[in-house]
Amino acid sequence: MKLFKLVQNFKRDEDGAVTVDWVVLTAAIVGLGIAVLTSVSGGTTSLAGKISSNLAAQTIATY
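Residues numbered from 1 in each chain as written. Predicted model: local features only at pLDDT ≥ 70, side-chain atom pairs only at ≥ 80, totals over all residues. Heavy atoms only, no water.

## A short note on the overall build of the protein chain
Phase 1: A tally of helices and strands in the protein chain yields two helices and zero strands.
Phase 2: What you see for the protein chain is a C-alpha radius of gyration of 28 Å, clearly larger than the 11 Å of a compact globule of 63 residues, by over 25%.
Phase 3: Among the 63 residues that make up the protein chain, the fraction classed as buried is 0%.
Phase 4: Put simply, the protein chain shows about 6,100 Å² of open surface, and 70% of that area lies on carbon and sulfur atoms.
Phase 5: The protein chain carries 5 positive and 4 negative side-chain charges, and their two centres are separated by 4 Å. (Helix = DSSP H or I, 4+ residues; strand = E, 2+ residues; numbered from the N terminus. Rg over C-alpha atoms; globule rule 2.2 N^0.38 Å. Buried < 20%, exposed > 50% of the residue type's maximum accessible area, 1.4 Å probe, protein only. Areas by Shrake-Rupley, 256 points an atom, 1.4 Å probe, with all protein chains shown as cover. Lys, Arg positive; Asp, Glu negative; His and termini not counted. Charge placed at Lys NZ, Arg CZ, Asp CG, Glu CD.)

Right under this line is the structure:
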């Protein structure tokens, strides 16, 4: 009888399903973040190089 009650409680318990949902959502968010960083990194590297070149070419006028 006690085993039957334990099986019924296990069947009704949804904590594990909620945990799996959160893990899947978190993995999706992390994956999207990595995809965005990968796609943007080339442009930011190029822009940083252009800014560095422009700043290095500047002169300071002293009067």
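Right, picking up where we left off after that structure.
## Comments concerning the environment of Ser46
Phase 1: Checked against the element boundaries, Ser46 lands in helix 2 (residues 15–57).
Phase 2: By relative accessible area, Ser46 is classed as partly exposed at 39%.
Phase 3: The spacing of Ser46 and Gln58 is twelve residues in sequence and 19 Å in space, taken between C-alpha atoms.

## Regarding a nonpolar patch on the surface
Phase 1: A contiguous nonpolar surface patch, about 310 Å² in accessible area, is contributed by Leu3, Leu6 and Val7.
Phase 2: Along the chain, the position of Val7 falls in helix 1 (residues 2–12). (Patch = residues over 30% accessible without salt bridge, like charges linked within 9 Å, V, L, I, M, F, W, Y side chains within 5 Å. Salt bridge = Lys/Arg side-chain N within 4 Å of Asp/Glu carboxyl O.)

## Points about the environment of Lys11
Phase 1: The residue Lys11 is located in helix 1 in this model.
Phase 2: On the basis of relative accessible area, Lys11 is assigned to the exposed category, the value being 69%.
Phase 3: C-alpha separation for the pair Lys11 and Ser41, spaced 30 residues apart in sequence, amounts to 47 Å.

Bear in mind that shape data such as this cannot, by itself, settle questions of function.
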